[in-house]
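Listed below are the residues making up each chain.
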Amino acid sequence: MLTLRSLPFRASAALHLVKTHALAAGFHTAGAGGLCGAKVAVVLSGCGVFDGTELHEASAVLVHLSRGGAEVQMFAPDVSQMHVIDHSKGQPAEKESRNVLSESARIARGNITDLAKLSVTNHDAIIFPGGFGAAKNLSTFAVDGPGCTVNTDVERVLKDFHQAGKPIGLCCISPVLAAKVLPGVEVTVGHEEEEGGKWPYAGTAQAIKALGAKHCVKDHHETHVDQKNKIVTSPAFMCETKVHLVFDGIGAMVADVLKLSGK
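Rules and cut-offs
Residues numbered from 1 in each chain as written. Predicted model: local features only at pLDDT ≥ 70, side-chain atom pairs only at ≥ 80, totals over all residues. Heavy atoms only, no water. Core = buried A, V, L, I, M, F, W, Y, C linked by side-chain atoms within 4.5 Å. Buried < 20%, exposed > 50% of the residue type's maximum accessible area, 1.4 Å probe, protein only. Helix = DSSP H or I, 4+ residues; strand = E, 2+ residues; numbered from the N terminus. Contact = heavy atoms within 4.5 Å. Pairing = 2+ DSSP bridges. Axes fitted to C-alpha atoms, helices over the stretch in contact; angles between N-to-C directions. 1 Å grid on protein atoms, 1.4 Å probe; cavity = no way out; pocket = protein on both sides within 12 Å on 5 of 7 lines; lining within 4 Å. Points joined across faces, edges and corners; volume = space filled by probe spheres on them. Nonpolar A, V, L, I, M, F, W, Y, C, P; charged D, E, K, R; others polar. Expected span 1.5 Å × (residues − 1). Arc of directions from axis to C-beta. Polar contact = N/O pair within 3.5 Å; in protein donor to acceptor, adjacent residues only side chain to side chain. pLDDT = per-residue confidence, 0-100. Phe/Tyr/Trp six-rings, centres within 6.5 Å; stacked < 30°, edge-to-face > 60°.

(A) A look at the nonpolar core. Val40, Leu65, Leu118, Ile126, Phe128, Leu177 and Ile250 are the most contacted members of the largest nonpolar core, which totals 73 residues. Take this core: its biggest share by element is 7 residues, from helix H9 (residues 243-261). With residues near it in sequence (within four places) discarded, Leu65 still touches Val40, Val42, Ala70, Val72, Ile127, Val254 and Leu258.

Structure (structure tokens):
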């Protein structure tokens, strides 16, 4: 006999089957409502703020995409990290080597795809969380500044999404990728002065200007939307502030990306 108490279980079981099929296809879904949402690619750069993806930022991106009903597929390049940092000491770990794709899989709970396989035709938007991996593994910005090179696949997907008129979200240090690959874009990495250590990476703004991009001063909870190029950026941990404030700023960035996607 069918009872009211059995209905939630049956609905849950059906939803589990839907999620299982979606995960098999490489997508993370937010639930039944997310099946009609934007398909968003998230590009990671390793696992750990000093040599890969900033974990709090990646988590914030994923939580807000989930709440926004998006389908998420995570990617990372199959390359070696620039180096490995012992995060307890803040120093390079000698004679240790790690792979960016393998390390990023930790954040993706194993469900990750080689960036070389990312096709703009399969997605409505793309987001790059921050962390030093963006400047060390996705590019050489940490070493070469404005004269840096960008990973071939990172450059390709940025240009592909831009040419297709699909929104690109970047936070923390990752806006330097767009500034390098797409000259003339408008981005923010926060403030342009250190202000007593509150903005320790403020010098990045000058590097962005040197690349021919426009830097727009924003606070940690704000975003800048380049409407012409459909690029959304937020300072995140470029500012020494509380985690929940960074979480809120990234939420605003994700909301703007989803709005621009039209989904």
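(B) Summary view of unusual backbone geometry. The backbone of Lys95 shows a phi angle near 60°, a positive value even though the residue is not glycine. Looking at where Lys95 falls in the secondary structure, it is placed in the loop between strand E4 (91-92) and helix H3 (100-107). Judged by relative accessible area, which is 91%, Lys95 ranks as exposed. Unusually for a residue other than glycine, Lys230 sits at a positive phi of about 55°. Relative to the assigned elements, Lys230 resides in the loop between strand E10 (224-226) and strand E11 (231-234).

(C) Examining the sheet that holds strand E7 (residues 168-171) more closely. Pairing within the open sheet is mixed, and its 7 strands lie in the order E5-E2-E1-E6-E7-E11-E10. Of all strands in the sheet, those with a lone pairing partner are strand E5 (112-114) and E10, marking the two edges. On average, each strand axis in the sheet is inclined to that of its neighbour by 25°, with strand direction left out of account. Pairing between strand E1 (residues 39-43) and strand E6 (residues 125-128): 3 bridges, direction parallel. Its bridge partner lying in E6, Val40 is registered against Ala125. Contacting strand E2 (71-76) and E5, H3 runs over the sheet at an angle of about 160° to E5. Against the sheet, H9 makes contact with E1, E6, E7, E10 and E11, and its axis sits at roughly 175° relative to E11, the strand it touches most.

(D) Main features of the layout of surface pockets. Counted as a void, the largest pocket has a volume near 300 Å³. In terms of lining, the largest pocket is formed by 18 residues, of which the most central are Val49, Phe132, Cys172, Tyr201 and Phe237. Sorting the residues of the lining of the largest pocket by element identifies helix H4 (133-136) and helix H5 (141-144) as the ones contributing at least two each. Looking at side-chain class alone, the lining of the largest pocket contains 12 nonpolar, 3 polar and 3 charged residues.

(E) How the structure looks around helix H6 (residues 152-163). For H6, which comprises 12 residues, the first-to-last C-alpha distance of 16 Å matches the rise-based estimate of 16 Å (1.5 Å per residue) to within 8%. Among the residues of H6, those classed as buried are Val154, Val157, Leu158 and Phe161. Projection of H6 onto a plane perpendicular to its axis shows the buried side chains occupying an angular sector of 100°, all on one side. For H6, the exposed residues set more than 90 degrees away from the buried face come down to Thr152 and Gln163. Residues of H6 that are buried in the fold lie against E6, E7 and helix H7 (175-181). For H6, the N-terminal capping position is held by Asn151, with its side-chain oxygen 2.9 Å away from the main-chain nitrogen of Asp153. Of the residues one or two after H6, Gly165 is the one with positive phi, at around 70°.

(F) A look at the confidence of the model for the protein chain. Scored by pLDDT, the protein chain comes out at a mean of 89, with 86% of its residues at no less than 70. Confidence drops under a pLDDT of 50 for residues 1-25, and excluding neighbours within four residues, the segment shows 12 contacts in the predicted structure. Low pLDDT (under 50) marks residues 29-35, which in the prediction has 17 contacts with non-local residues, meaning those over four places away or in another chain.

(G) Local environment of the packing of aromatic side chains. The full count for this structure, using the stated rule, is 2 aromatic pairs. Taken together, a centroid distance of 5.8 Å and an interplanar angle of 80° make the contact between Phe132 and Tyr201 edge-to-face. In this pair, Phe132 is assigned in the loop between E6 and H4 and Tyr201 in the loop between strand E8 (186-187) and helix H8 (204-210), connecting sequence segments 69 residues apart. Among the residues examined, Phe132 registers a relative accessible area of 26% and is labelled partly exposed. For Tyr201, a relative accessible area of 32% gives the class partly exposed. By the ring-pair criterion, three or more aromatic residues cluster together here, those being Phe50, Phe132 and Tyr201.

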